[in-house]
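Examining the three-dimensional arrangement
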Amino acid sequence: MKKLVIHGGRRLSGEVTIGGAKNSTVALIPAAILAETPVKFDSVPDILDVYNLQAILNSMNVTSTFEGGELMIDPTDIVESELPSTAIKSLRASYYFMGSLLGRFGRATVTFPGGDNIGPRPIDQHIKGFEALGATVHEENDTVFINAENGLKAARIFLDVVSVGATMNIIMAAVHAEGTTVLENAAREPEIIDLATFLNNMGAQIRGAGTDVIRITGVEHLESKNTHTIIPDRIEAGTYLALAAAQGDGVLVKNVIPEHLESFTAKLLEMGVKLDVREDSIYVPKSVDLQPIHVKTAPFPGFATDLQQPVTPLLTLAGGTSVIQETIYPERTRHIPELQKLGVDISNNTYGQIEVTQSSDFHGARVSAAEIRAGASLVATGLMADGVTEVVNAEHVLRGYDHIIHKLTMLNADIQIAEE
Ligand SMILES: CC(=O)N[C@H]1[C@@H](OP(=O)(O)OP(=O)(O)OC[C@H]2O[C@@H](n3ccc(=O)[nH]c3=O)[C@H](O)[C@@H]2O)O[C@H](CO)[C@@H](O)[C@@H]1O
Ligand SMILES: C=C(OP(=O)(O)O)C(=O)O
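For clarity, every value in this text was computed on a predicted model and none was experimentally measured. (Residues numbered from 1 in each chain as written. Chains lettered and ligands numbered in written order. Predicted model: local features only at pLDDT ≥ 70, side-chain atom pairs only at ≥ 80, totals over all residues. Heavy atoms only, no water.)

The next subject is the overall build of the chain. Check the secondary structure of the chain and you find 14 helices and 23 strands. By the compact-globule yardstick of 22 Å for 420 residues, the chain fits well, its C-alpha radius of gyration being 21 Å. Considering the chain as a whole, with its 420 residues, one finds that 56% of them fall into the buried category. Here the analysis covers contacts within the chain between residues at least 6 apart in sequence; of these, 72% occur between residues at least 24 apart. Within the structure as shown, the chain displays about 16,100 Å² of accessible surface, and the carbon and sulfur contribution to it stands at 47%. Averaged over its 32 positive side-chain charges, the chain has a centre that lies 2 Å from the centre of its 52 negative ones. (Helix = DSSP H or I, 4+ residues; strand = E, 2+ residues; numbered from the N terminus. Rg over C-alpha atoms; globule rule 2.2 N^0.38 Å. Buried < 20%, exposed > 50% of the residue type's maximum accessible area, 1.4 Å probe, protein only. Contact = heavy atoms within 4.5 Å. Areas by Shrake-Rupley, 256 points an atom, 1.4 Å probe, with all protein chains shown as cover. Lys, Arg positive; Asp, Glu negative; His and termini not counted. Charge placed at Lys NZ, Arg CZ, Asp CG, Glu CD.)

Looking now at the UniProt feature "binding site: UDP-N-acetyl-alpha-D-glucosamine" (unreviewed entry) in the chain. Under the UniProt annotation, the feature "binding site: UDP-N-acetyl-alpha-D-glucosamine" (unreviewed entry) is placed at Arg92, Arg121, Pro122, Ile123, Asp124, Gln125, Asp306 and Ile328. Cross-referencing the annotated residues with the lining of the largest pocket gives Arg92, Arg121, Pro122, Ile123, Asp124, Gln125, Asp306 and Ile328. Its location among the elements puts proline 122 in the loop between strand S6 (107-111) and helix H5 (124-132). Relative to the helices and strands, aspartate 124 is located in helix H5. Classification of aspartate 124 as partly exposed rests on a relative accessible area of 41%. In terms of polar contacts, aspartate 124 uses its side chain to reach the side chain of glutamine 125, at 2.7 Å. (UniProt positions renumbered as here; feature names shortened; annotations may be inferred. 1 Å grid on protein atoms, 1.4 Å probe; cavity = no way out; pocket = protein on both sides within 12 Å on 5 of 7 lines; lining within 4 Å. Polar contact = N/O pair within 3.5 Å; in protein donor to acceptor, adjacent residues only side chain to side chain.)

Within the secondary structure layout, arginine 156 lies in strand S9 (residues 156-158). Using a relative accessible area of 58% as the deciding quantity, one classes arginine 156 as exposed. Look past the residues within four positions of arginine 156 in its chain and what remains in contact with it is Val182 and Glu184. A polar atom in the side chain of arginine 156 sits 3.3 Å from the side chain of glutamate 184.

Moving on: the packing of helix H1 (residues 22-31) against helix H2 (residues 48-59). Between two packed helices, what matters for the description is the angle formed by their axes and the separation of those axes. With their axes 10 Å apart at the nearest point, H1 and H2 run at an angle of 5° to one another. Taken together, the axes of H1 and H2 are roughly parallel relative to one another. Counted together, Lys22, Thr25, Val26, Ile29 and Pro30 of H1 and Asp49, Val50, Leu53 and Leu57 of H2 form the full contact between these two elements. Residues that form the contact of H1 with H2 fall into these classes: six nonpolar, one polar and two charged. (Axes fitted to C-alpha atoms, helices over the stretch in contact; angles between N-to-C directions. Parallel < 35°, antiparallel > 145°, perpendicular 65-115°, else oblique. Nonpolar A, V, L, I, M, F, W, Y, C, P; charged D, E, K, R; others polar.)

Moving on to the site of ligand 1. Inspection of the region around ligand 1 gives 21 residues, with Tyr95, Gln125, Ser163, Asp306 and Ile328 positioned closest. Tyrosine 95 has a polar side-chain atom sitting 2.8 Å from an oxygen atom of ligand 1. For ligand 1, the protein covers 87% of the area, taking 740 Å² as the surface of the free molecule. When each cavity is represented as a set of grid points, ligand 1 is found to reside in the largest pocket. Secondary-structure elements contributing two or more residues to the shell around ligand 1 are H1, H5 and helix H6 (164-174). Among the elements that take part in the shell around ligand 1, H5 stands out by supplying three residues, more than any other. Tallied by class, the residues present in the shell around ligand 1 amount to ten nonpolar, six polar and five charged. Taken together, domain 1 (2-19 + 232-419) and domain 2 (22-229) each give at least three residues to the shell around ligand 1, which thus spans both. (Near = heavy atom within 4 Å. Sits in = over half its atoms within 2 Å of the grid points. Domains from an automatic or database assignment.)

Another point: the domain arrangement of the chain. Parsing the chain into structural domains produces domain 1 (2-19 + 232-419) and domain 2 (22-229). Look at where the C-alpha atoms of domain 1 and domain 2 centre, and you get two points 30 Å apart. Across the contact, 22 residues belong to domain 1 and 20 residues belong to domain 2. Summing both sides of the interface, domain 1 and domain 2 together bury roughly 2,000 Å²; the carbon and sulfur share of this comes to 50%. The largest contributions to the domain 1 side of the interface with domain 2 come from Phe300, Tyr329 and Arg399, which together make up 33% of the buried area. At the junction of domain 1 with domain 2, the criterion picks out two salt bridges. For arginine 399, the salt bridge is made with aspartate 49, and the minimal N-O distance between the two is 2.7 Å. Linking domain 1 to domain 2 there are six residue pairs in polar contact (both at pLDDT 80 or more). Those elements giving two or more residues to the side of domain 1 that touches domain 2 turn out to be helix H12 (372-384) and helix H13 (395-398). The dominant element in the side of domain 1 that touches domain 2, judged by the number of residues it contributes, is H13, at three residues. Among the residues making up the side of domain 1 that touches domain 2, the classes are represented as seven nonpolar, four polar and eleven charged. (Buried area = accessible area lost by both parts, 1.4 Å probe. Salt bridge = Lys/Arg side-chain N within 4 Å of Asp/Glu carboxyl O.)

With that settled, the discussion passes to the site of ligand 2. In the neighbourhood of ligand 2, ten residues make up the surrounding shell, with Lys22, Arg121, Arg332, Arg373 and Arg399 lying closest. In the complex, 93% of the free accessible area of ligand 2, which totals 290 Å², lies under the protein chains. More than half of the atoms belonging to ligand 2 lie within 2 Å of the grid points that define the largest pocket. Considering only residue class, the shell around ligand 2 consists of two nonpolar, no polar and eight charged. Looking at the shell around ligand 2, you find at least three residues from each of domain 1 (2-19 + 232-419) and domain 2 (22-229).

Right under this line is the structure:
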């Protein structure tokens, strides 16, 4: 087990470059097995999720190499095999092998995915989609068995819940299905557009990604002809923007698509953070006189649930009480008792609602990262606190933050990684 050791209190300044999006990457890697040729990605983040997905690919005789942000995957000799349950359990996105194996072989057997403990995470909408395409699905002993004996046929599917995972999984399953699948009430996250772009460049016919109606016309062959560059991680970007506003004396956050962050930057501007939004970077000056805000998490283009914890340390500087309504994962509150140990005035007396009141004089403590974004809020608060903060269970943070030690060190933070 690893821990992050932070000597807090140092002001941050300089530049940070955002990596490729975790939530694109973890869908693109399973999607690679739909290709009949080797595929190549660049701007791939160096995160634990990538290594675990490589282990899963390896179990299917799909070779891969990952170096300097470039990931090569060769699925040409793929074989069906039992997937390693430890790797499957290590991340949520292993469920994308349900859609991609179903698309490739017409059947899939996948252990229930793991991932962050952020409350219940059902996959009923994924299953509804697979069944609509003609597959039978049954669950036994923590494993999902999916089989389309008579092949996959296009269908009209209306998602009852707007789900990123179900949208991507249905796209992957439908990409070779006969006819045109119409997916309604689809999620609109930028990572879905990234997946569609990757598949379309290989010959798929996916229209409407980024809107709530996506049409997928099945094609027989997918062949990669060029390298796919992964979009910047808007959640990593939001994390550094909030940290820069809280503890920075001038930080330039580079490699961002500002349009992907509008609901987030709008809230920082509302607080009084004087952001300078440029073409593909955002400059954050030192912040003063911050105002409290109300935040309600929502599917894209709303305020991302994955940013409610990273923005929390900044809210402690606002003059009053800020309120966060977590509508996607109302139980995503495991950062609260840990932040309290560092001196943050934060509570959730109402289900799904978190209140953060102005507080200061944070002091270092030993705290535990229960999940990735809870961990990000602890790291940021540790950087603001006096003394030494130890964030244990750091694997949760390393699961999705590319080169975090290097990036924070370059911003003048004092942070190290150590074995527990
Ligand atoms: C790898 C990845 O991309 N993870 C992201 C993805 O997770 P993930 O794709 O798992 O999240 P979903 O978009 O599916 O979940 C959204 C909401 O729908 C509910 N739901 C979802 C599926 C389903 O079949 N039934 C159902 O009820 C969930 O409980 C949740 O309340 O989107 C989440 C919401 O933006 C983010 O927090 C995660 O970072
Ligand atoms: C919840 C998250 O990730 P995952 O869906 O991979 O568990 C996240 O990135 O905040």
